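# Structural features, examined
Here is what each chain is made of, one letter per residue.
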Amino acid sequence: MATMENVIVLVNRIQRACTVLGDHGGGDVAALWEALPSVAVVGGQSSGKSSVLESIVGRDFLPRGSGIVTRRPLVLQLHKTEDGVQEYAEFLHMPKRRFTDFALVRKEIQDETDRLTGKTKQISPVPIHLSIYSPHVVNLTLIDLPGLTKVAVEGQPESIVQDIESMVRSYVDKPNCLILAISPANQDIATSDAIKLARDVDPTGERTFGVLTKLDLMDKGTNALDVLEGRAYRLQHPWVGIVNRSQADINRNVDMIIARRKEQEFFDSSPEYSHLASRMGSEYLAKLLSQHLEAAIRSRIPSITSLINKTIDELESEMDRLGRPIASDSGAQLYLILELCRAFDKIFKEHLDGGRPGGDRIYGVFDNQLPSALRKLPFDRHLSVQNVKRVVSQADGYQPHLIAPEQGYRRLIESALNYFRGPAEASVDAVHSVLKELVRISIGETQELKRFPTLQTELAAACYKALERFREDGRKTTLRLVDMESAYLTVEFFRKLPQEVDKTGTGNPRTANPPAPSDDRYTDAHFRRIASNVSSYIGMVSETLKNTIPKSVVHCQVREAKRSLLNDFYTQVGGKDAKQLAVLLDEDPALMERRLQCFKRLELYKSARDEIDSVSWTR
């Protein structure tokens, strides 16, 4: 099981993974980054920040010069390696290249800065990420920030002072950030930019580590004991003194290991600082920061673990919504397509059966639209006395009817029944429109289909084609019902018409259409009786069709849609090869990218959880 010595390495890996995801990671990755403790290096320009960092690393690798040199944050991750392993550095923006020449590291930092800011004195908040692997370092992550300044120089905007301070504050304001406040010993500590800023964001001093540089450059007869012993400005942690390399040493490229030795000799031999020598120097500072960073990580592990577990659950749910990656073999692809079709079919049937809204609109066609259409048929005009007289006379021809105008009746009824074809076809079309709309809605509600626009299109086309076939069957069957009414009239209806009583008063019944003298046969009353009888028969047929048309429509369209909407599509899909199936499963590129980033974030969090679980949190 891993020990606490590996904890900072663990955090380094998590931070590096967060950075790789970058803007694609989403707010959860930013939250994880902020939850991980880090150390920000803060100081005024020419305070010796670069020298402190190089002393900790043991390598001369940072750009140097006058004025503002650090113009972008540098996230520096130190990884301790086994003795004898060659030192090297890697940039996140150049992951495949290892730098063993640290002069080239310095040049790349400068070049990468210039790529974003140009060869000016502008600054950028976009960090450069650098990892250094060496047996001479401790596991540690440091963030080198642009030096604080009080005035803008030529080539800088007037806002540069505020811009730098805002950038620095964006790091040190975070409660998980330890502050390494660099101040030069040859200046009054009361004027230290780093201490002033640290006091603003960390008034109790719990997160601040004071570093006093350039002790060897103080005027003769003076020392920095008041600061180092905490009398001038007290912090929760002891101050650490640093002796930077002299400019002569830098010019002669004096080895950093030798420089560390000379630094320690300075404190050991100094009359003023020898009693503090055990906690002075860059090596001590590196160990101190590493220990406190470990402690900060230890204290925050419960909240970090809680954040990680919560985010994993959220990302798992999002992956379920977005869909898992597609298998490459045709069998798995066919299975996936069939599963997607079944999911759609289930939702479509729920709409029809009442589990979801929409199916009630079909009942509305039968309960409202069809009866209304039947009531609006122009039977009043068709059975007017004038039209009845015309039809009956034409049916009689040159020989008037003897008893009842049967041919006239038949012509009146048959021509009236033709009017029912309109409402019958309208019912078929109305239900067809509802079914098409429910297909469209159901495809949209099938979450699993959202990632496959091509499959959605093909599935919709197959459904519409099947519904068109069902509509044609429904139209034929429904019109056949109307034609059947015309083909054979219900004789019993006419036999049961009310009988008239004999005008002689004998009580002998006469039929509703008795023989009539020639002067009575063509009166308006006679034609009104015919119109009334036909109207009654048409009313009976209307009631019949009002009940049978819905049966026909449901049988031919709704029932078939539930039973066999996708049968032809299943047959088509079953005959496709792997390449054709892959086309159906061609995803929306934006969704693919979203799932890829979600998958990367999920892997990051799972890896972080596994790493944390592997650490022994007890000493």
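All of the points below concern the structure found in this document. What you see is a predicted model; the values in this text were computed from it and never measured.

Moving on: the overall build of the chain. Looking only at helices and strands, one finds 22 helices and 11 strands in the chain. In the chain, which comprises 619 residues, the proportion classed as buried is 48%. The long-range fraction of contacts in the chain, counting pairs at least 24 apart against all pairs at least 6 apart in sequence, stands at 80%. Of the roughly 30,600 Å² that the chain leaves accessible, carbon and sulfur atoms contribute 51%.

With respect to burial, strand E7 (residues 177-184) is a largely interior element, eight of its eight residues being buried. Burial along E7 is two-sided: the residues Cys177, Ile179, Ala181 and Ser183 and Leu178, Leu180, Ile182 and Pro184 are all buried. By the bridge criterion, six bridges tie strand E1 (residues 38-43) to E7 in an arrangement that is parallel. Considered in E7, the bridge of Ala40 is made with Ile179. Here six bridges tie E7 to strand E8 (residues 208-213), and the two strands are oriented parallel to one another. Paired with Ile182 across the two strands is Val211, which belongs to E8.

What follows is about the packing of helix H11 (residues 330-353) against helix H16 (residues 421-445). Direction vectors running N to C along H11 and H16 enclose 130°, while the axes themselves pass 9 Å from each other. Regarding the angle of H11 to H16, the classification is oblique. Pair H11 / H16 crosses with right-handed handedness. Contacts from Phe344, Ile347, Phe348, His351 and Leu352 in H11 reach Leu435, Leu438, Val439, Ile441, Ser442, Ile443 and Glu445 in H16. When its residues are assigned to classes, the contact of H11 with H16 shows nine nonpolar, two polar and one charged.

Of all seven residues making up strand E2 (residues 74-80), six are buried, and the element is well covered by its neighbours. By the bridge criterion, seven bridges tie E2 to strand E5 (residues 128-134) in an arrangement that is parallel. Bridge pairing in E5 links Leu76 to Leu130. Strand direction decides the pairing type here: E2 and strand E6 (residues 140-144), joined by five bridges, are antiparallel.

What follows concerns the sheet that holds strand E4 (residues 94-99). Taken in spatial order, the nine strands line up as E4-E3-E5-E2-E6-E1-E7-E8-E9 in an open sheet, and their pairing is mixed. In this open sheet, the two edge strands, each paired with only one partner strand, are E4 and strand E9 (240-241). In this sheet, E5 lies alongside strand E3 (residues 88-91) in antiparallel orientation, the contact comprising four bridges. The residue of E5 that forms the bridge with Ala89 is Ile132. Its contacts with the sheet place helix H10 (residues 282-322) against E1, E6, E7, E8 and E9, and it is angled at close to 105° to E6.

This paragraph deals with the state of the cysteines. Between two cysteines, a covalent bond joining their sulfur atoms is known as a disulfide. Inspection of the entire model under this criterion finds zero disulfides. Cysteine Cys341 is unpaired, with the sulfur of Cys463 as its nearest cysteine sulfur at 8.0 Å.

Take the nonpolar core next. The biggest cluster of nonpolar side chains holds 67 residues, and the ones touching the most others in it are Phe344, Phe348, Phe420, Leu455, Leu459 and Leu565. Each residue touching Leu455, except ones within four places of it in the same chain, is listed here: Ile337, Leu340, Leu449, Phe569, Leu584 and Leu585. Counting residues in hydrophobic clusters, the runner-up holds 52 residues, among them Ile128, Val137, Ile297 and Leu602.

The rules behind these values
- Residues numbered from 1 in each chain as written.
- Predicted model: local features only at pLDDT ≥ 70, side-chain atom pairs only at ≥ 80, totals over all residues.
- Heavy atoms only, no water.
- Helix = DSSP H or I, 4+ residues; strand = E, 2+ residues; numbered from the N terminus.
- Buried < 20%, exposed > 50% of the residue type's maximum accessible area, 1.4 Å probe, protein only.
- Contact = heavy atoms within 4.5 Å.
- Areas by Shrake-Rupley, 256 points an atom, 1.4 Å probe, with all protein chains shown as cover.
- Pairing = 2+ DSSP bridges.
- Axes fitted to C-alpha atoms, helices over the stretch in contact; angles between N-to-C directions.
- Parallel < 35°, antiparallel > 145°, perpendicular 65-115°, else oblique.
- Left-handed = near helix turned anticlockwise from the far one by under 90°.
- Nonpolar A, V, L, I, M, F, W, Y, C, P; charged D, E, K, R; others polar.
- Disulfide = S-S within 2.5 Å.
- Core = buried A, V, L, I, M, F, W, Y, C linked by side-chain atoms within 4.5 Å.

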